[in-house]
Amino acid sequence: MEERIIDDEYGRGIRMKKTKDGYVDVTDELAEQTADTEVETEDADEVAFEFPMFDVDDEDLVGLTPKEAMELKKRKEEEAKARLAEYEKLCADGETLLKSGSFKSAELKFEKALEIEIDEERTVASLGFWRAKTSEFAEPDLLVEEYLDDGMDNLEYDLGYKTVDIIREKYRGELSKAREKWQVEEEPLAEQVEGVQSARREYLKGRMKSSLIGFIASVLPTIALIVLTIVFGLKNFSTKESTFIVPTIVCGCLLVVSLIVCIFLTNKWLNVIRLYVSNERLSSTEEGERLLEVRAYLDAYDGLLDVTEVETETETE
């Protein structure tokens, strides 16, 4: 079987000839003629058909005649050109406003351009929008904070990989300065928070150890008194004398007191554990929450600057 791939904007021709015997001979106008293959035809009616071929699979073309399909395709191409022209005009207007320093107006222009669907990646509009929103990246935190929770993957998907690459290359200086600002805040804050956390950890370890000893010391006699109370209580049913009534009462009273002490010491031990676990979470204090936020910005800038890749290249050199 011979496979032919035909790229014809207008279609391909099929020639049909009706012979005197009533048969129809079909000839592909694009097929190569060979010397060995000869088809004898006699004078007969000849009809040529043009079958349009489309390079896209459009559901709107289903059920249409070739002529209607061609008209629809042409109309769609014109609409696409019109959208592209509007997109380019909005981007050009936004660029003009950017150069004049009208960042808010430029932002609105690029935002409208992003709403227009075109066949290519909207890199110009995406880059222009964030250039305007961040005042030519004088305030890159506005971009970073938008994706603190979503992460770099979503940032690259929303802005476009080409846009992010351009930002990394063209505005690396501005991004690095912003990262340094967060780094300056992070170092003393981390020293303060982690220092207090470490001191509190050592204190809580001591309390947890002492409260654990008290818990064990209260649990063991409580268990023993429970067993004795049950044993003496059951023996009262095995004899007619009142020999085990007093021991049962005494053990029962001591059990009540022991349970109260055990519950108190158990609660104390569990509270110390809760405090210890809470101390290990930075989010448990305002300073810790701030440190987490600062580190989130640093991580976001590292991702935006592609620090890992840069460090790898440096080590290789």
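Residues numbered from 1 in each chain as written. Predicted model: local features only at pLDDT ≥ 70, side-chain atom pairs only at ≥ 80, totals over all residues. Heavy atoms only, no water.

Visitor: An account of a nonpolar patch on the surface is needed here, citing residue identities and associated values.
Guide: There is a patch of nonpolar side chains on the surface, built from Ile226, Ile230, Leu234, Phe237, Leu259 and Ile263 and spanning about 640 Å² of accessible area. Secondary structure elements with two or more residues in the nonpolar patch: helix H7 (172-235) and helix H8 (245-280). A per-element tally of the nonpolar patch places H7 first, with 3 residues. With respect to the helices and strands, the residue Ile263 is situated in helix H8. (Patch = residues over 30% accessible without salt bridge, like charges linked within 9 Å, V, L, I, M, F, W, Y side chains within 5 Å. Areas by Shrake-Rupley, 256 points an atom, 1.4 Å probe, with all protein chains shown as cover. Salt bridge = Lys/Arg side-chain N within 4 Å of Asp/Glu carboxyl O. Helix = DSSP H or I, 4+ residues; strand = E, 2+ residues; numbered from the N terminus.)

Visitor: Quick one: what's the story with the packing of aromatic side chains, residue by residue and with numbers?
Guide: Evaluation of the coordinates by the stated rule reveals 5 aromatic pairs. Aromatic side chains Phe129 and Trp130 sit 5.3 Å apart centroid to centroid with 85° between the ring planes, which places their arrangement in the edge-to-face category. One exposure class covers both Phe129 and Trp130, and it is buried. Centre to centre, the rings of Phe232 and Phe244 are 6.2 Å apart; their planes meet at 25°, and the pair counts as stacked. Here Phe232 is found in helix H7, whereas its partner Phe244 is found in the loop between H7 and H8, with 12 residues between them in sequence. (Phe/Tyr/Trp six-rings, centres within 6.5 Å; stacked < 30°, edge-to-face > 60°. Buried < 20%, exposed > 50% of the residue type's maximum accessible area, 1.4 Å probe, protein only.)

Visitor: Can you explain the side chain of Asn279? Please cite residues and give values.
Guide: Tracing the chain through its elements places Asn279 in helix H8. Overall, the relative accessible area of 4% leaves Asn279 in the buried class. For Asn279, the contacting residues outside a window of four places in its chain are Gln197, Arg200, Arg201 and Leu204. (Contact = heavy atoms within 4.5 Å.)

Visitor: Tell me what's going on with the side chain of Thr248, and back it up with residues and numbers.
Guide: Locating Thr248 in the fold gives a position in helix H8. Accessibility expressed as a relative area gives 17% for Thr248, which makes it buried. For Thr248, the side chain forms a polar contact with the side chain of Asn236, separated by 3.2 Å. Residues within four places of Thr248 in sequence aside, it is in contact with Thr229, Phe232, Gly233 and Asn236. (Polar contact = N/O pair within 3.5 Å; in protein donor to acceptor, adjacent residues only side chain to side chain.)

Visitor: Kindly report on the pattern of salt bridges, identifying the contributing residues and their values.
Guide: Two side chains that carry opposite charge are able to pair once their charged atoms sit near each other. Within this structure, the stated rule accounts for 14 salt bridges. The partner of Glu107 in a salt bridge is Lys133, with the nearest N and O atoms 3.5 Å apart. Taken together, the residues Glu107 in helix H2 (residues 103-114) and Lys133 in helix H3 (residues 123-133) connect sequence positions 26 residues apart. You can call Glu107 buried: its relative accessible area is 9%. The salt bridge involving Asp141 is made with Lys181; its shortest N-O contact spans 2.7 Å. Placement of the pair is Asp141 in helix H4 (residues 141-144) and Lys181 in helix H7, with a sequence separation of 40 residues. Linked through salt bridges whose partners overlap, the residues forming this network are Glu95, Arg131 and Glu136.

Visitor: Give me the lowdown on unusual backbone geometry, citing residues and values where you can.
Guide: Although it is not a glycine, Glu136 adopts a positive phi angle of roughly 55°. The topology assignment puts Glu136 in the loop between H3 and H4. The residue Phe137 is not glycine, and still its phi comes out positive at about 65°. Take Phe137: it is sitting in the loop between H3 and H4.

Visitor: Can you break down H8 residue by residue, with the values?
Guide: In a regular helix each residue adds 1.5 Å, so 36 residues correspond to 52 Å; H8 covers 52 Å between its end C-alpha atoms and thus fits that length. Among all positions of H8, only Thr248, Cys251, Leu255, Ser258, Cys262, Trp269, Val272 and Asn279 are buried. Of the surrounding secondary structure, the elements contacted by the buried residues of H8 are H7. (Expected span 1.5 Å × (residues − 1).)

Visitor: Which residues make up the packing of helix H1 (residues 66-100) against H3, and what values do they have?
Guide: One can describe the packing of H1 onto H3 by two numbers: an axis separation of 10 Å at closest approach and a directional angle of 30°. It follows from the interaxial angle that H1 and H3 lie roughly parallel. Remark: the crossing between H1 and H3 carries left-handed chirality. In this structure, H1 contributes Tyr87, Cys91, Glu95 and Leu98 to the contact, and H3 contributes Thr123, Val124, Ala125, Gly128, Arg131 and Ala132. (Axes fitted to C-alpha atoms, helices over the stretch in contact; angles between N-to-C directions. Parallel < 35°, antiparallel > 145°, perpendicular 65-115°, else oblique. Left-handed = near helix turned anticlockwise from the far one by under 90°.)

Visitor: How would you sum up the nonpolar core? Please name residues and give values.
Guide: Formed by 39 residues in total, the largest nonpolar core has its most connected members in Leu143, Leu155, Leu159 and Leu304. Secondary-structure elements contributing two or more residues to this core are H1, H2, H3, H4, helix H5 (152-159), helix H6 (161-170), H7 and helix H9 (286-305). With 8 residues, H9 is the largest single contributor of residues to this core. (Core = buried A, V, L, I, M, F, W, Y, C linked by side-chain atoms within 4.5 Å.)

Everything listed is a geometric property; what it means functionally is a separate question.
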